Amino acid sequence: MSERLMILPAHDYNSVRLVKIPEDFEQHEVYRHVTGIISQVEEENPNYQWEDVAMALEDHGFEMVDFQLGPALD
């Protein structure tokens, strides 16, 4: 089975993130689950940083993936 990845977009290109989706998540539930994790971090700490979100995602089995952002396809 191939890796399933999710892009976490951002207005600032330097803030775009890529995560590997755990195998035990169905495709239709991943978006909602990640949204819930991010919302929980935001509620618990209004001054959160990316590292706080990354730790929460890792606690749920997501893995951060290094990547090189390429040119825009406009």
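Refer to the structure printed above.
Given the structure is predicted, the values throughout are model-derived calculations rather than measurements.

Colleague: Can you help me understand helix 1 (residues 27-44) in this one?
Modeller: An α-helix turns once per 3.6 residues; consequently, residues spaced three or four apart project the same way. For helix 1, built from 18 residues, the straight-helix expectation of 26 Å at 1.5 Å per residue is met to within 8% by its first-to-last C-alpha distance of 27 Å. Within helix 1 the residues assigned to the buried category are Val30, Val34, Ile37 and Val41. One face of helix 1 carries all of its buried residues, which in axial projection span an arc of 60°. Of the exposed residues in helix 1, the ones pointing more than 90 degrees away from its buried face are His28, Tyr31, Arg32 and Glu43.

Colleague: For this particular structure, what's the right way to read a nonpolar patch on the surface?
Modeller: Taken together, the side chains of Tyr13, Phe67 and Leu69 define a hydrophobic patch exposed on the protein surface, amounting to about 320 Å² of accessible area. Here Phe67 is to be found in the segment after strand 3 (63-64).

Colleague: Hey, could you run me through the packing of aromatic side chains in this one?
Modeller: Centre-to-centre distance and the angle between the planes together describe a pair of aromatic rings. Counted under the stated rule, the structure contains one aromatic pair. Their ring planes at 35° and their centres at 5.3 Å tell us that Phe25 and Phe62 sit as a pair that is tilted. Taken together, the residues span a long stretch of sequence, with Phe25 in the loop between strand 2 (17-20) and helix 1 and Phe62 in the loop between helix 2 (50-59) and strand 3 at a distance of 37 residues. Side by side, Phe25 and Phe62 carry an identical accessibility label, which is buried.

Colleague: Help me out: how do you make sense of the sheet that holds strand 2 in this one?
Modeller: Paired through their backbone hydrogen bonds, the strands of a sheet run either parallel or antiparallel. The antiparallel open sheet is built from three strands, whose spatial order is 1-2-3. For this open sheet the edge positions go to strand 1 (5-8) and strand 3, each flanked by a neighbour on one side alone.

Colleague: Looking at this structure, I do not really get helix 2. What am I missing?
Modeller: Residues of helix 2 that are buried: Val53, Ala54, Ala56 and Leu57. Taken end-on, helix 2 shows its buried residues confined to a sector of 165°, consistent with a single buried face. Among the exposed residues of helix 2, those oriented more than 90 degrees off its buried face are Met55 and Asp59. Elements that come into contact with the buried residues of helix 2 comprise strand 1, strand 2, helix 1 and strand 3. With its phi angle positive at about 95°, Gly61 sits one or two positions after the end of helix 2.

What counts, and at which threshold
Residues numbered from 1 in each chain as written. Predicted model: local features only at pLDDT ≥ 70, side-chain atom pairs only at ≥ 80, totals over all residues. Heavy atoms only, no water. Helix = DSSP H or I, 4+ residues; strand = E, 2+ residues; numbered from the N terminus. Expected span 1.5 Å × (residues − 1). Buried < 20%, exposed > 50% of the residue type's maximum accessible area, 1.4 Å probe, protein only. Arc of directions from axis to C-beta. Patch = residues over 30% accessible without salt bridge, like charges linked within 9 Å, V, L, I, M, F, W, Y side chains within 5 Å. Areas by Shrake-Rupley, 256 points an atom, 1.4 Å probe, with all protein chains shown as cover. Salt bridge = Lys/Arg side-chain N within 4 Å of Asp/Glu carboxyl O. Phe/Tyr/Trp six-rings, centres within 6.5 Å; stacked < 30°, edge-to-face > 60°. Pairing = 2+ DSSP bridges. Contact = heavy atoms within 4.5 Å.

These results come straight from atomic positions and should not be treated as a statement about function.
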